[in-house]
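Letter by letter, the chains look like this.
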Amino acid sequence: MWSMHPSFLTDLNDSGFREEISEVPPLSEISGSLVRASTPSTSTGASPDDTSSDSLGWYATQSPPGYLDAQIKAYQRSHTFDANVQAQLDDVMEIPKVEETEEDLVNIRPDVGETGTPAAVPRKRGRPRKHPLPVPGNQAKVTKGRSKTGCITCRRRKKKCDETKPACLNCQKNAVVCEGYPPKEIWKSGRQKMAVAQSQSLASVPRSLPLLIDGIETEVDRRFLDHFVYGFSRVLTLINDDSNPFKEILLPMATQHRGLMHSLMCLSGSHLSGLDPEPKLKERKYFHFHHAIQDLKDNINASSSRKSPEGEDEPLLVEDPIIASTIALSLNTICEGEVKGEYRPHMDAARYLLLSQKPRNEKFRQFIVEFFQYHDISNSLTSLDRRPNLFPADQHLPNFVPGAAGPSPGMFVGVFDGLFRYISEITILRDRIRERYNENYEPAVDYQTLSEAVAIDTAIRKWETSHEPETSNWCLAQLYRQSTWVYLYRTIRPSRPSEKIAQVVDDGLDYLEQLPQDASAYSIVLMPLFLLGCSAFLSEQRERIKHGFETLRSYSNLRNIEPALKVVTRVWEIMDTQIEQSWDWEKIIRTMDMDFLIT
C-alpha cells in the first residue's frame, strides 16, 4: 500500500501549489494526530509513530469505520486542495461512512455563499458518541504538578531533585547537606484516620495513678512492706503482736515521711535478701538505701541552715522521723552483716539528736530512748572506744527516760529495769583494769576496783525482773542476769577455768534452752549468748553455745550472728593456747579487724 508515496510528494512539489498550501499543516501532523487518536494492533507490526505511507495505510485499514473519512472531509472544508491532491487522496482507499458526533459538527466550518450567509449543512445521521473522541489541535495542555517525592532539602530550596537515595546527587553537586526523604505516608481511609485520632486523644490522657504511699512504688516494695509487717518486725523487739513499736509507731510515721519509709524498706529488703538471693531484691534494697541516705542529708542540712527565730545559737529540733531513720540505718548494718564499723555514723547521729533535743511524740520518745540505750550499751561490750554517754556521772538513768523512778519491763530487757546500768558500771571497771595492766601496775585489780565490784555483785543478786514468772520473757531476763554476772566475774577474776564460772554458764544455757524456738525472746539473745561464749572453758559448754547460735540464726536470720560466732571461736582458740590473753576479747576483735553490733 502507498507505493506511490514518493511520486505523490513529487507531484505536490511540481504542481505549483506550494504557495497556495503554505499555510496548510503538513501531512505529518495529520498522521501524528491520527496516531494519537487510535490504538495500534500488534498484529501488523507497524509502529504507531511511523509517518510513512505504510503508516497511513495501516490507519486506513485498522482505524474505526468512517473515522478517516470524517477527518479528511473536515480538512477539505477548512482548506483549498488541488484536484491532483484530492485525486491521490481518493486513491488511498474506499472510505466508509462514519457517525459524526456533535463535536465533529461544531468543528466543521460551513460554506459561505455569495451573500455571506453560511450554507445550510445537512444534519448527520446517527447518535452522538457517549465519549467523544478528542479533536486534533484543540486539546488543552495538561500542566504537570510538582513532585512530592523529592528530598527535604531540594523541596525547601525549590529545586528539582533527582531522587537518588540515600542522598540525592543534586545536593551533593551543590555542596549542601541532603536531609533525606520524608517518610512515606500510607493512605488511610476516613474511618482509619478517625480511629487514629481517637487513639491519640486517649493516649494524651494520663493513665497512671499517683502513689498512695511514697516509697512503695513497685511489686518488690510491696514484698518488702509485707515482710516488714508480718516477719521482720518480730525479730527486733520482745513484743510480737500489734503493739510492736516498729508496726505501731515507726510504720505509720513513715507513711508521712518518705525518707523514713526508704529506711524501713531498705532494712526489710536487707533482711529478705538474706533469705532470698533474688537479684531484683538486692537491686531495690540499694535503691532504698541511697534514697534514705540522701533524704537524711538533705533534712539535716536544711535544719542546720535555718536560723533560730530568736536569733540564738540553740540547735533547732529535727523531725522525729529523722531520728528514727538513723536508728533504722544502724540496724541495716546488722542485717547486712557488716563488720567494718559501718554502724558508727548512724549511731553517732542518733546519739547527738537524742542528747540535743527531746522527741516530740511521747510514744516515740519512750521507744527510741530505750532502743538506742540497749544498742549503745551493748556496743561497749565488743569495742575499746565505744562507751555510752547517756548516763550521768552517778550511773543513773536519765531523768527523761520513762520508768526511771521504778522498774518497767519495756520493750527490751535490762534498760528500764536497771540491769544495763550494772553492765555500764562493769565496763568502766574493765577499762580501769586494762589501763593498769598496760601500765604494768601490780596488782591490776586494786582495792577500789574490788570494792566497786562487790557493790555491783550485790545489786545483781537483788535484781528482779518485772516480767511474769515462768514465761519466755522471764527466762530471758534470767539469762541476762546470768550473763551480767559472768561479765563481772570475767572482768575481776583471772582468765582461767573455775567451778563458779562453769556453774553460772551452765545455768545461763539452761535458761536459753528453755525458750521455745519460735519465742520472740530470741530477738535479743545474741548479746548474752556472746558473753556466755567468751566464758565457756569447757568443751561441752562450747557445743551448747554453738547450738544456741544455730537456733538463733534459724529464728532471726540476722547476719551479724556469724561474725559473733567467729569471735567466740577465736576466743576459744586463745583459751586453749594463751589462756590469760583470752580475758581481753575486745582486743581480739580489733586484732581480727572487725567492728560490729552484737544486738
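That block above? That's the structure.
Report follows, based on the coordinates.

Rules used throughout
- Residues numbered from 1 in each chain as written.
- Predicted model: local features only at pLDDT ≥ 70, side-chain atom pairs only at ≥ 80, totals over all residues.
- Heavy atoms only, no water.
- Helix = DSSP H or I, 4+ residues; strand = E, 2+ residues; numbered from the N terminus.
- Buried < 20%, exposed > 50% of the residue type's maximum accessible area, 1.4 Å probe, protein only.
- Contact = heavy atoms within 4.5 Å.
- Areas by Shrake-Rupley, 256 points an atom, 1.4 Å probe, with all protein chains shown as cover.
- Salt bridge = Lys/Arg side-chain N within 4 Å of Asp/Glu carboxyl O.
- 1 Å grid on protein atoms, 1.4 Å probe; cavity = no way out; pocket = protein on both sides within 12 Å on 5 of 7 lines; lining within 4 Å.
- Points joined across faces, edges and corners; volume = space filled by probe spheres on them.
- Phe/Tyr/Trp six-rings, centres within 6.5 Å; stacked < 30°, edge-to-face > 60°.
- Lys NZ or Arg CZ within 6 Å of the ring centre and 35° of its normal.
- Expected span 1.5 Å × (residues − 1).
- Polar contact = N/O pair within 3.5 Å; in protein donor to acceptor, adjacent residues only side chain to side chain.
- Axes fitted to C-alpha atoms, helices over the stretch in contact; angles between N-to-C directions.
- Parallel < 35°, antiparallel > 145°, perpendicular 65-115°, else oblique.
- Left-handed = near helix turned anticlockwise from the far one by under 90°.
- Core = buried A, V, L, I, M, F, W, Y, C linked by side-chain atoms within 4.5 Å.
- Nonpolar A, V, L, I, M, F, W, Y, C, P; charged D, E, K, R; others polar.

Concerning the overall build of the chain
Right, on to step 1. For the chain, the helix and strand inventory stands at 24 helices and zero strands.
Right, on to step 2. Burial status across the chain gives 44% buried among its 599 residues.
Right, on to step 3. Within the chain, contacts between residues separated by at least 24 positions form 70% of all contacts whose residues are at least 6 apart in sequence.
Right, on to step 4. With the model as given, the accessible surface of the chain reaches about 33900 Å², and the carbon-plus-sulfur share is 52%.

Some words on the side chain of Asp-376
Right, on to step 1. Looking at the secondary structure, you find Asp-376 in helix H16 (residues 362-379).
Right, on to step 2. The exposure class assigned to Asp-376 is buried, which follows from its relative accessible area of 2%.
Right, on to step 3. Once residues within four sequence positions are removed from consideration, Asp-376 is found in contact with Met-347, Arg-351, Pro-388 and Asn-389.

A short note on the pattern of salt bridges
Right, on to step 1. In this structure the tally under the stated criterion is 33 salt bridges.
Right, on to step 2. Glu-586 is paired through a salt bridge with Arg-430; the nearest N and O atoms lie 2.7 Å apart. Highlighted residues: Glu-586 in helix H24 (residues 585-591) and Arg-430 in helix H17 (residues 419-438), separated in sequence by 156 residues.
Right, on to step 3. Residue class for Glu-586 comes out buried when judged on its relative accessible area of 2%.
Right, on to step 4. For Arg-430, a relative accessible area of 1% corresponds to the buried category.
Right, on to step 5. Of the charged contacts, one joins Asp-457 and Arg-461 as a salt bridge, the two residues approaching to 2.8 Å between their closest N and O atoms.

Focus on the layout of surface pockets
Right, on to step 1. Taken as a whole, the second largest pocket spans an internal volume of roughly 710 Å³.
Right, on to step 2. Lining the second largest pocket are 26 residues, and of these Tyr-437, Glu-580, Gln-581, Trp-583 and Asp-584 lie nearest its centre.
Right, on to step 3. Mapped by element, the contributors of at least two residues to the lining of the second largest pocket are H17, helix H19 (472-492), helix H23 (561-577) and H24.
Right, on to step 4. The element contributing the most residues to the lining of the second largest pocket is H17, with four residues.

Considerations on unusual backbone geometry
Right, on to step 1. Following Lys-165, the chain continues into Pro-166 via a peptide bond in cis, with omega recorded as 10°.
Right, on to step 2. Within the fold, Pro-166 resides in the loop between helix H7 (152-157) and helix H8 (169-173).
Right, on to step 3. In the segment running from Glu-442 into Pro-443, the intervening peptide bond is cis, with an omega of -10°.
Right, on to step 4. Secondary-structure assignment places Pro-443 in the loop between H17 and helix H18 (447-462).
Right, on to step 5. One non-glycine residue, Ala-175, lies in positive phi territory at about 60°.
Right, on to step 6. Looking at the element boundaries, Ala-175 is found in the loop between H8 and helix H9 (190-203).
Right, on to step 7. The phi dihedral of Asn-440 falls on the positive side, at around 60°, and the residue is not glycine.
Right, on to step 8. With respect to the secondary-structure elements, Asn-440 resides in the loop between H17 and H18.

Quick look at the packing of aromatic side chains
Right, on to step 1. Evaluated as defined, the whole model comprises 13 aromatic pairs.
Right, on to step 2. Between Phe-246 and Phe-371, the ring centres sit 5.7 Å apart and the planes meet at 75°, which makes this aromatic pair edge-to-face. Taken together, the positions of Phe-246 in helix H11 (residues 245-254) and Phe-371 in helix H16 put the pair 125 residues apart, joining distant regions of the chain.
Right, on to step 3. By relative accessible area, which is 2% here, Phe-246 ends up buried.
Right, on to step 4. The class for Phe-371 is buried, based on a relative accessible area of 2%.
Right, on to step 5. Measuring from ring centre to ring centre gives 5.4 Å for Phe-371 and Phe-412, while their planes differ by 65°; the resulting arrangement is edge-to-face. One end of the pair, Phe-371, is in helix H16; the other, Phe-412, is in the loop between H16 and H17, with 41 residues separating them in the sequence.
Right, on to step 6. Connected via pairs of aromatic rings, a cluster forms that spans Phe-228, Phe-232, Phe-246, Phe-367, Phe-371, Tyr-374, Phe-412, Phe-420 and Tyr-480.
Right, on to step 7. Directly above the aromatic system of Tyr-181 lies the positively charged group of Lys-165, at a separation of 4.3 Å from the ring centroid.
Right, on to step 8. Directly above the ring of Trp-585 sits Arg-430, whose terminal nitrogen or CZ lies 4.0 Å from the centroid.

Brief notes about helix H10 (residues 219-230)
Right, on to step 1. When the terminal C-alpha atoms of H10 are compared, their 17 Å separation across twelve residues agrees well with the 16 Å that a helix rising 1.5 Å per residue should span.
Right, on to step 2. Of all the positions in H10, only Val-220, Asp-221, Phe-224, His-227, Phe-228 and Val-229 are classed as buried.

Looking at the environment of Arg-386
Right, on to step 1. Mapped onto the fold, Arg-386 is located in the loop between H16 and H17.
Right, on to step 2. Considering only alpha carbons, one finds Arg-386 and Asp-376, ten residues apart in sequence, at a separation of 8.1 Å.
Right, on to step 3. Leave out the neighbours within four places in its chain, and Arg-386 touches Tyr-343, Arg-344, Met-347, Asp-348, Arg-351, Asn-379 and Ser-380.
Right, on to step 4. A distance of 3.0 Å separates a polar atom in the side chain of Arg-386 from a polar atom in the side chain of Asp-348.
Right, on to step 5. At a separation of 3.1 Å, a polar atom in the side chain of Arg-386 contacts the side chain of Asn-379.

Structural notes on empty space enclosed by the protein
Right, on to step 1. Counting across every chain of the model gives four cavities of 30 Å³ or more.
Right, on to step 2. A volume near 100 Å³ is recorded for the largest cavity.
Right, on to step 3. Together, 14 residues line the largest cavity, and Val-235, Leu-236, Leu-331, His-375 and Thr-599 are the ones closest to its centre.
Right, on to step 4. Mapped by element, the contributors of at least two residues to the lining of the largest cavity are helix H14 (320-336) and H16.

Some remarks on helix H21 (residues 526-533)
Right, on to step 1. Most of H21 sits inside the fold, with eight of its eight residues counted as buried.
Right, on to step 2. Considered for burial, the residues of H21 that qualify are Leu-526, Met-527, Pro-528, Leu-529, Phe-530, Leu-531, Leu-532 and Gly-533.

As for the packing of H18 against H19
Right, on to step 1. Contact geometry of H18 with H19 gives a least axis separation of 11 Å together with a crossing angle of 170°. With respect to each other, H18 and H19 are oriented roughly antiparallel. Of the two possible hands of crossing, H18 and H19 adopt the one that is left-handed. Here Thr-449, Leu-450, Ala-453, Ile-456, Asp-457, Ile-460 and Arg-461 of H18 lie close against H19, whose contacting residues are Arg-481, Thr-484, Trp-485, Leu-488 and Ile-492.

Here's the deal with the nonpolar core
A general tendency of soluble globular proteins is for nonpolar side chains to be buried together.
Right, on to step 1. If you look at the biggest cluster of nonpolar residues, it comprises 122 residues, and the most contacted ones within it are Leu-264, Leu-476, Tyr-480, Met-527, Phe-530 and Phe-549.
Right, on to step 2. Take this core: its biggest share by element is twelve residues, from H19.
Right, on to step 3. Excluding its chain neighbours within four sequence positions, the residues that come into contact with Leu-476 are Leu-238, Val-413, Leu-515, Ala-521, Ile-524 and Val-525.
Right, on to step 4. The next biggest cluster of nonpolar side chains, apart from the first, holds seven residues, and it includes Cys-154, Cys-171, Cys-178 and Tyr-181.

Some words on the packing of H21 against H23
Right, on to step 1. Running from N to C, H21 and H23 point in directions that differ by 15°, and their axes come no closer than 9 Å. Here H21 is positioned roughly parallel relative to H23, judged by the angle of their axes. Like other packed secondary-structure pairs, H21 and H23 cross with a definite hand, here right-handed. Packed against H21, whose contacting residues are Leu-526, Phe-530 and Gly-533, the element H23 presents Ala-564, Val-567, Val-568 and Trp-572 at the interface.
Right, on to step 2. Its residues assigned to classes, the contact of H21 with H23 shows six nonpolar, one polar and no charged.

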